[in-house]
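Commentary on secondary and tertiary structure
For reference, the chains in residue letters:
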Amino acid sequence: MLIPLANDPRDYAWGSLSLLAELEGRAASGRPEAEVWFGDHPGDPAEISDGRTLDRWIADDGAASGIDEPLPYLLKLLAAASALSIQAHPSKAQAEAGFEREEAAGIPRDAADRTYRDANHKPELIVALSDTFRALAGLRDLEATRRLVAGLGPRAVPLAQQLEASDASLSAVIGWLLSDGADAAREVIAAAVAAESDEFAAELELTRTLDAGFPGDPGIVVALLMNLVTLRRGEGLFVPAGVLHAYLDGLGVELMAASDNVLRGGLTPKHVDAAELVSVLDPTPGVPPVIHARALGHGIRQYDVPVEDFALLAVTPAPDGVEVALAGPAIAVATGGTPQVTGLTSGGAAVLTPGAAVLVTPDEGGLRVVGEGEVFIAQPGR
């Protein structure tokens, strides 16, 4: 079966006023439109044409079409006009332990200070749909960060000393900034706002932008420790467990394990548990995990990620079409043109406009995609 999916954009404050509307070819709503969820996650399940939500349909009727458990992934369209919170996600073992601990403590799952809302990990992949998509991802090489901080002058000396300590740990530095280092962070921010640098011009300009939106937030200094990444259209960024990240601006397709576990590290009015963030943080500096799709032939590209929860394909078919084999329940969303998708078993078909999506049940075995445009297909990992 092919089951059309729909959902309303979530109006998070960081959402774009225009990017999703432009993609879908409609008038802007006048509100921030941040994410559209295509999945069965109970936080905001997609709706199907009979009025049921997708999680309800799977529970009621999914087994007859080969879906006997919740989807292992969540597919989204994401449109950012300003920075999301700096965050990291736990590993599977950390999520299970944290969830059990908070359940035993009786913390309501929707409480503002709840950290582990489920027992799953949340690796994620974002692929740029806009010409550029900017993000912070991972921690910068320590020597480069020391150069940046040294250039900020006397007001940044406490941070420089933290970074120069013989036992310097970026986890410890971040924990200090988010707990005891608030006064020092404000001094660093003031110095960075006024500083100039050829090597770090983009990072300092970002600091000025972040300070305008989150004045004095220690997370701005955490951002100074991170890699600033600009994705070009079609490039992906994979974020495994423990890696700090924050999306800044742009339109993308996001695919993640089905979880809502977020440990925040600033740039947000929401709950920040510095100790818990540090406990799951991977403090290893390195280059951001940018992914280029691997061609599978006939207009099909795959974004290879080292997890079993999900896999992402991008399809740009020739006019005579292409067949796409699928493993398990899949969701296809169009991001350009008006491609037609047809189930290989049932022959059921749907013409997709940008932003429109369908669930493809496992009994179809795959899709035939015809026409001009672009389709992203999420499915379980192989």
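Check the entry above for the structure.
Analysis parameters
Residues numbered from 1 in each chain as written. Predicted model: local features only at pLDDT ≥ 70, side-chain atom pairs only at ≥ 80, totals over all residues. Heavy atoms only, no water. Axes fitted to C-alpha atoms, helices over the stretch in contact; angles between N-to-C directions. Helix = DSSP H or I, 4+ residues; strand = E, 2+ residues; numbered from the N terminus. Parallel < 35°, antiparallel > 145°, perpendicular 65-115°, else oblique. Left-handed = near helix turned anticlockwise from the far one by under 90°. Contact = heavy atoms within 4.5 Å. Nonpolar A, V, L, I, M, F, W, Y, C, P; charged D, E, K, R; others polar. Salt bridge = Lys/Arg side-chain N within 4 Å of Asp/Glu carboxyl O. Buried < 20%, exposed > 50% of the residue type's maximum accessible area, 1.4 Å probe, protein only. Lys, Arg positive; Asp, Glu negative; His and termini not counted. Core = buried A, V, L, I, M, F, W, Y, C linked by side-chain atoms within 4.5 Å. Polar contact = N/O pair within 3.5 Å; in protein donor to acceptor, adjacent residues only side chain to side chain.

**Topic: the packing of helix 5 (residues 157–164) against helix 6 (residues 170–179)**
Closest axis-to-axis distance for the helix 5/helix 6 pair is 9 Å, and the angle between their directions is 150°. Here helix 5 is positioned roughly antiparallel relative to helix 6, judged by the angle of their axes. Considering only the axes of helix 5 and helix 6, their crossing is right-handed. When helix 5 is examined against helix 6, the residues Pro-158, Leu-159, Gln-162 and Leu-163 are found in contact with a partner set consisting of Leu-170, Val-173 and Trp-176. For the contact of helix 5 with helix 6, the class distribution of residues is six nonpolar, one polar and no charged.

**A closer look at the pattern of salt bridges**
Counting across every chain of the model gives 23 salt bridges. For the salt bridge of Asp-44 with Arg-10, the shortest nitrogen-to-oxygen distance reads 3.0 Å. Of this pair, Asp-44 sits in the loop between strand 2 (35–38) and helix 2 (54–61) while Arg-10 sits in the loop between strand 1 (2–5) and helix 1 (19–24), and the two are 34 residues apart along the sequence. Judged by relative accessible area, Asp-44 falls into the buried class, the value being 15%.

**Quick notes on the side chain of Lys-122**
Assignment of secondary structure puts Lys-122 in the loop between helix 3 (92–104) and strand 5 (124–128). For Lys-122, which is buried and forms no salt bridge, the nearest opposite charge comes from Glu-124, at a distance of 4.3 Å. Apart from the residues lying within four places of it in its own chain, the contact partners of Lys-122 are His-89, Pro-90, Val-239, Met-256, Ala-257, Ser-259, Asn-261 and Val-262.

**Considering the nonpolar core**
For soluble globular proteins, nonpolar side chains are generally found buried alongside one another. Residues Ile-86, Leu-152, Leu-159, Ile-174, Leu-177, Val-222 and Leu-244 are the most contacted members of the largest nonpolar core, which totals 48 residues. Excluding residues within four positions of it along the chain, Leu-159 makes contact with Val-149, Val-173, Trp-176, Val-188 and Val-221. In this structure, Leu-5, Leu-251, Ile-331 and Leu-359 belong to the second largest nonpolar core, which totals 38 residues.

**Focus: the side chain of Asp-40**
Inspection of the secondary structure assignment puts Asp-40 in the loop between strand 2 and helix 2. Despite its burial, Asp-40 pairs with no opposite charge, the nearest such side chain being Arg-56 at 11 Å. Separated by 3.0 Å, the side chain of Asp-40 and the backbone nitrogen of Leu-71 make a polar contact. For Asp-40, the contacting residues outside a window of four places in its chain are Pro-45, Leu-54, Asp-55, Ile-58, Pro-70 and Leu-71.

**Examining the environment of Ser-346**
Checked against the element boundaries, Ser-346 lands in the loop between strand 17 (340–343) and strand 18 (349–351). The class of Ser-346 is partly exposed, set by a relative accessible area of 48%. In the structure, Ser-346 is positioned 345 residues away from Met-1 in sequence and 6.7 Å away in space, judged by C-alpha atoms. Engagement of the side chain of Ser-346 in a polar contact is seen with the backbone nitrogen of Gly-348, the distance being 3.0 Å. Of the polar contacts made by the side chain of Ser-346, one reaches the side chain of Glu-364; its length is 2.4 Å.

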